[in-house]
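# Survey of secondary and tertiary structure
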Amino acid sequence: MKILRQIDSFLARIEQTFLIVLLSVMILLAFLQVVLRNLFSTSILWGDTFLRQLVLWVGFTGATLATRQKRHINIDVFSRLLSDRGQTIVGIVTNLFSAIVCIFLTKAAIVFICDEKSSQSILFANIPTWIFILIIAIGFGLITFRFLTIALENFFHLVEKES
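Residues numbered from 1 in each chain as written. Predicted model: local features only at pLDDT ≥ 70, side-chain atom pairs only at ≥ 80, totals over all residues. Heavy atoms only, no water.

## Thoughts on helix α3 (residues 84-119)
Turn by turn, an α-helix covers 3.6 residues, leaving residues three or four places apart pointing in a common direction. Our working rule: Secondary structure elements are taken from DSSP: a helix is a run of H or I of four residues or more, a strand is a run of E of two residues or more, and numbering for both begins at the N terminus. In this scheme, a helix's expected span is set at 1.5 Å multiplied by one less than its residue total. Here a residue-residue contact requires only that any non-hydrogen atoms of the pair lie within 4.5 Å.
Given a rise of 1.5 Å per residue, 36 residues ought to cover 52 Å, and the 51 Å separating the end C-alpha atoms of α3 matches this to within 8%. Buried residues in α3 make contact with α4 (129-132) and α5 (134-162). The positive-phi residue at the C-terminal boundary of α3 is Gln120, with phi of around 55°.

## Focus on the packing of aromatic side chains
What counts here: Stacked, tilted and edge-to-face are the three classes applied to pairs of Phe, Tyr and Trp rings, where Trp contributes its six-membered ring and a pair requires centres within 6.5 Å; stacked means planes under 30 degrees apart, edge-to-face means over 60, and tilted covers the rest. In this scheme, a residue with accessible area under 20% of its type's maximum is buried, one over 50% is exposed, and one in between is partly exposed, where area comes from a 1.4 Å probe on protein chains only. A ring is scored as having a charge over it whenever the NZ atom of a lysine or the CZ atom of an arginine sits within 6 Å of its centre and within 35 degrees of its normal.
For the structure on display, the rule yields eight aromatic pairs. Between the aromatic rings of Phe50 and Phe124, the centroid separation amounts to 6.0 Å while the plane-to-plane angle is 75°, which identifies the pairing as edge-to-face. Within this pair, whereas Phe50 is found in helix α2 (residues 47-68), its partner Phe124 is found in strand β1 (residues 122-124), the two being separated by 74 residues in sequence. Across the pair, Phe124 and Phe50 agree in class, each one buried. Stacked on the ring of Trp130, the Lys or Arg Lys117 has its end atom at 4.6 Å from the ring centre.

## Re the environment of Phe104
For Phe104, the position within the fold is in helix α3. Under the relative-accessibility criterion, Phe104 is labelled exposed at 61%. In this structure the C-alpha to C-alpha distance between Phe104 and Thr144, which are 40 residues apart in sequence, comes to 9.7 Å.

## So, the pattern of salt bridges
Test applied: The salt bridge criterion pairs a side-chain nitrogen of Lys or Arg with a carboxyl oxygen of Asp or Glu, the two atoms within 4 Å.
Counting across every chain of the model gives six salt bridges. Ionic pairing is found between Lys70 and Glu153, a salt bridge with its closest N-O pair at 4.0 Å. Here Lys70, found in the loop between α2 and α3, pairs with Glu153, found in helix α5; they are 83 residues apart in sequence, far enough to count as distant. Judged by relative accessible area, which is 45%, Lys70 ranks as partly exposed. Since its relative accessible area comes to 24%, Glu153 is described here as partly exposed. Via salt bridges that share partners, Asp8, Glu15, Arg68 and Arg146 belong to a single interconnected network.

In structure tokens, the structure reads:
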């Protein structure tokens, strides 16, 4: 379990740095677009398209970090009524289910990327579309890893309490 935590921490540091870079690029590019439009009546042709793609990347990167911190979207109406042991068991089941769903979404994203790659579609400036949608597979893959890690932590916590 210690190795998984180290991998998770390493990935989180990379994701946090990446998120800072992405947000910085987005802010600078958006500011530049505004200045160019208002002062010079021009803009970067591919700027808005690139910004839209960066929003997707920021969203998925943020989702992976939110999952790591257990701050993802969840519905816990009934879990508050359960004992600590019951909450741990429900946590294991829901995290495993979430991981399975994310595995299917990762697989679907890979198929989507392969389809985009085979169609040779271009987003802008001769850059293929599939490069920008890689984040979908990467994001769901990382979220899967995080759900499995949380499920394992809950399982070991349950076993430890019963010993």
